[in-house]
Amino acid sequence: MHYSWPRELSEQDMREMIELMDAVAVKEMTLGFYEPVGLEKGLPLMRAFEADLRKGAVDLLHVRTDEGRIVGMVTLARAPLPARRHIVEMRRCVVAPDYRGQFLLEGWAEALRKVGEMGCDVITLEVRDDGPSVLWQRLGFREYGRLPDYARADGRPVTGFYMHARLADITDHFEATGTWLHELESDRVAVAS
């Protein structure tokens, strides 16, 4: 896998990113849309995103196969207010279903390296209750709030979790244990039973 932080996107990159998000939307409904967005709706969204990328308002990690196909991505958006410049929001964390588990931890290490390079100490993210909240907990995130009507899927409300982690806590855990993954309380209860 190849990791890069592009400052602009080609038309082909945008198309591949839409295809990646659509592949995930078909299976998981967790990206803010519960059906494929398609090129007609997706390209205007990607062009607006690319404008933010060019301005430096966001940073984008691409994960590509050896053949050059985009199979993973994550967006980092640093808080714009001076008093909040230590906070970065992690968005659009997407991994192609066929590539799950193959580069997650390497990609995670690369994203954390970038967070540190940006001078940020706190990472925030939002995740739906039907999304990978347990994965984020295993990576060291803790819930700091929830919104019961965060999103709607097929007309039914979906709860959203707001989560945060400190970069130092995540890296300290890795240095102490040799793994990015944290043991959860539910893991300890299951072992004790």
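Residues numbered from 1 in each chain as written. Predicted model: local features only at pLDDT ≥ 70, side-chain atom pairs only at ≥ 80, totals over all residues. Heavy atoms only, no water.

Student: Hey, could you run me through the packing of aromatic side chains in this one?
Tutor: Describing an aromatic ring pair means giving the distance of the ring centres and the angle of the ring planes. One pass over the structure, following the stated rule, counts 6 aromatic pairs. Look at Trp-136 and Phe-141: their rings are 5.5 Å apart centre to centre, the planes differ by 80 degrees, and that puts the pair in the edge-to-face class. Judged by relative accessible area, Trp-136 falls into the buried class, the value being 10%. Overall, the relative accessible area of 0% leaves Phe-141 in the buried class. Both rings, one in Phe-174 and one in Trp-180, keep their centres 4.1 Å apart while their planes meet at 20 degrees; by these two values the pair is stacked. (Phe/Tyr/Trp six-rings, centres within 6.5 Å; stacked < 30°, edge-to-face > 60°. Buried < 20%, exposed > 50% of the residue type's maximum accessible area, 1.4 Å probe, protein only.)

Student: Sorry, what's going on with the pairing of strand S4 (residues 87-95) here?
Tutor: Put simply, side chains in a regular strand alternate between the two faces of the sheet. Relative to S4, strand S3 (residues 70-78) is paired through 6 bridges, and the arrangement is antiparallel. Within the sheet, the bridge partner assigned to Ala-77 lies in S4 and is Glu-89. Pairing geometry for S4 and strand S5 (residues 122-128), over 3 bridges, is parallel. Across the sheet, residue Val-88 finds its bridge partner in S5, namely Ile-123. (Pairing = 2+ DSSP bridges. Helix = DSSP H or I, 4+ residues; strand = E, 2+ residues; numbered from the N terminus.)

Student: Looking at this structure, how should I read the pattern of salt bridges?
Tutor: Two side chains of opposite charge can pair, provided their charged atoms sit close to one another. According to the stated counting rule, one finds 14 salt bridges in the structure shown. Measuring nitrogen to oxygen at the nearest pair gives 3.9 Å for the salt bridge that ties Asp-59 to Lys-114. One end of the pair, Asp-59, is in strand S2 (residues 59-64); the other, Lys-114, is in helix H3 (residues 104-117), and 55 residues separate them in sequence. Exposure remark for Lys-114: the relative accessible area of 12% places this residue in the buried category. With a shortest N-O distance of 2.6 Å, Arg-113 and Glu-110 are connected by a salt bridge. Within this pair, Arg-113 and its partner Glu-110 are both found in helix H3, separated by 3 residues, close to a single helical turn. For Glu-110, a relative accessible area of 18% corresponds to the buried category. Taken together, the shared-partner salt bridges connect Arg-7, Asp-59, Glu-110, Arg-113, Lys-114 and Glu-117 into one network. (Salt bridge = Lys/Arg side-chain N within 4 Å of Asp/Glu carboxyl O.)

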